[in-house]
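# Fold and geometry: a report
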Amino acid sequence: MTGYRQVLAVPGMPSLLAVSLLARTAITADVMVLTLHVVLGLDLSYAAAGGVVALLTAGVALGGPLLGRAIDRHGVRPVLLATAAVQVVFWLSVPALPYGLLLGAAFVAGLLMVPAQSVTRQAITATTTTGQRRAAFALESVQGELSYIVGPAVVILGAATVSPEAMAWAAGATIAAGGAGIAWLNPPVRTDEETGAGPAARPPRRQWLNARMIAVLVLAFGTTTLLSGIDLAIVATLEAAHQVSWAAVVVIVLGVASVTGGLTYGALSRPLPTWLLLALLGLLTIPAGLAHDWRWLCVAVVGAGLLTAPTLSTVADAVSGLAPAGVRGEAAGLHSSALSAGFAIGSPLVGVAIDLSVPAGGFAAAGLAGLTAALTGYLLSRRPAAVSHSGSGRPAAPDRAPHRVA
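Definitions and limits used
Residues numbered from 1 in each chain as written. Predicted model: local features only at pLDDT ≥ 70, side-chain atom pairs only at ≥ 80, totals over all residues. Heavy atoms only, no water. Helix = DSSP H or I, 4+ residues; strand = E, 2+ residues; numbered from the N terminus. Rg over C-alpha atoms; globule rule 2.2 N^0.38 Å. Buried < 20%, exposed > 50% of the residue type's maximum accessible area, 1.4 Å probe, protein only. Contact = heavy atoms within 4.5 Å. Expected span 1.5 Å × (residues − 1). Axes fitted to C-alpha atoms, helices over the stretch in contact; angles between N-to-C directions. Parallel < 35°, antiparallel > 145°, perpendicular 65-115°, else oblique. Left-handed = near helix turned anticlockwise from the far one by under 90°. Patch = residues over 30% accessible without salt bridge, like charges linked within 9 Å, V, L, I, M, F, W, Y side chains within 5 Å. Areas by Shrake-Rupley, 256 points an atom, 1.4 Å probe, with all protein chains shown as cover. Salt bridge = Lys/Arg side-chain N within 4 Å of Asp/Glu carboxyl O. Polar contact = N/O pair within 3.5 Å; in protein donor to acceptor, adjacent residues only side chain to side chain. Core = buried A, V, L, I, M, F, W, Y, C linked by side-chain atoms within 4.5 Å.

The name given to the chain in an unreviewed UniProt entry is MFS transporter, with the source organism recorded as Dactylosporangium cerinum.

Moving on to the overall build of the chain. Tallying secondary structure elements over the chain gives 17 helices and zero strands in all. Taken against the 2.2 N^0.38 rule, which gives 22 Å for 406 residues, the C-alpha radius of gyration of the chain at 20 Å falls within 12% of a compact globule. Its C-alpha atoms put the chain at 60 × 45 × 40 Å along the principal axes. Residues counted as buried form 52% of the 406 residues belonging to the chain. Counting only contacts in the chain whose residues sit at least 6 apart along the sequence, the fraction spanning at least 24 positions is 85%.

Moving on, we come to unusual backbone geometry. Phi at Asp-43 takes a positive value of approximately 60 degrees, unusual for a residue other than glycine. As for its placement among the helices and strands, Asp-43 is situated in the loop between helix H2 (13–41) and helix H3 (46–74). Positive phi outside glycine occurs at His-242, with the angle close to 60 degrees. Relative to the assigned elements, His-242 resides in the loop between helix H11 (211–240) and helix H12 (247–266).

A word on helix H8 (residues 164–185). In a regular helix each residue adds 1.5 Å, so 22 residues correspond to 32 Å; H8 covers 32 Å between its end C-alpha atoms and thus fits that length. Turning to H8, the residues buried within the fold contact H2, helix H4 (76–93), helix H6 (116–127) and helix H7 (130–161). Following H8 by one or two positions, Asn-186 adopts a phi angle in the positive range, close to 50 degrees.

The next thing to look at is the packing of helix H16 (residues 328–356) against helix H17 (residues 359–381). At a closest axis distance of 7 Å, the pairing of H16 and H17 adopts a crossing angle of 140 degrees. Classified by the interaxial angle, the pair formed by H16 and H17 is oblique. The two elements H16 and H17 meet at a crossing, and its hand is right-handed. In this structure, H16 uses Leu-349, Val-350, Ala-353 and Ile-354 to contact H17, whose residues at the interface are Pro-359, Gly-361, Gly-362, Ala-365, Ala-366 and Ala-369.

Moving on, we get to a nonpolar patch on the surface. A cluster of nonpolar side chains, contributed by Val-88, Leu-92 and Trp-169, occupies part of the molecular surface with about 290 Å² of accessible area. By the element assignment, Val-88 lies in helix H4.

Along the chain, the position of Arg-133 falls in helix H7. Taking relative accessible area as the criterion, Arg-133 reaches 5% and is therefore assigned buried. Separated by 3.3 Å, the side chain of Arg-133 and the backbone oxygen of Thr-125 make a polar contact.

On to the nonpolar core, then. Core analysis: the largest hydrophobic core is formed by 53 residues, its most contacted members being Met-13, Leu-34, Leu-80, Phe-90, Trp-91, Val-94 and Leu-102. Looking at this core, the elements that each hand over two or more residues are helix H1 (2–8), H2, H3, H4, helix H5 (99–111), H6, H7 and H8. Considering each element in turn, this core owes the most residues, 11 residues, to H2. Sequence-distant contacts of Met-13, that is, excluding residues within four places in its chain, are made with Val-7, Ile-124, Thr-127 and Thr-128.

When you line up the elements, Pro-273 lands in the loop between H12 and helix H13 (274–285). Residue classification places Pro-273 among the partly exposed positions, given a relative accessible area of 22%. Along the primary structure Pro-273 and Thr-311 are separated by 38 residues, whereas in three dimensions their C-alpha atoms are 9.2 Å apart.

Structure follows, in structure tokens:
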């Protein structure tokens, strides 16, 4: 636990993690908010709700690198304030928009979503030492798991007791408040050494977006493809057993196991290779298909849950270690895009597997997707890479070596 105490002793880190958690909880819940609004507020189908969610997700995936590049050029505060303003306008207008306009507006809102997650990761890289960084990213991944547990549950409760429209306004206010809060903190995204060296040079994309960086992005994509597939497989398994009402309990068990695994992994003295963590996550996911009862499913998902946050945190750590200072924002944006793309692909992929086989096939498809990404990432990371340089033109520091990938 010494590592966690050191991380929380970093000036501004507790405040940043707290405000970021607020923003990320609301951002995590926005899919549920839009789904309930379309189904209950507009009285349309779940397929129609899926169209809105798909465009929001596509916007997030495309907007990540663009916002990251804007942060590299203009700094954190202007980008956060501008995106927070866009979210206020979008979420205030959601209840009044007809479905056709809502589709276009959701895409724009995703394109300009508050980059709370990527800014937090950049700040962790800039303000922590090599020895602190793994514990810091473990805390960041645990933060994501907590937002995943809390956000949708609050939205469902609020929609049932108040209204879907009220939850849309609340989501917008919370996202904007989180973005404005991080802007007020204005966390550094470059180290003191990098700042003292003057404006960071922007290396050519081919220099840093090399095989090893692509390997990490593939691992990020594979991780969230697997995780979104697990969610759908849980629902399908319990629906077949006529126990779908227990799905929330299984998801909570999965989330708690992930939090436990993340905190434990962050306290370890030696990290595991990213590809190996994802491979183990895939292997432990496949046997969950043997469970046909909610109680046994709770037991079956614990193994995968324990590896979820460690895998996500190690991927984030690898991106930070490979990105030069001058393009750190763009690299963090590409990382977020890879995660979003995985979430978008995972459910349809596993859904096809379930339709063509049985619910257990969903867990098999999710696990195999993770294993495929792990193997691909491993093979890419073995390719020789050109000597990387930091944004100041000096060779990368030893702690940024590619051992974090392989």
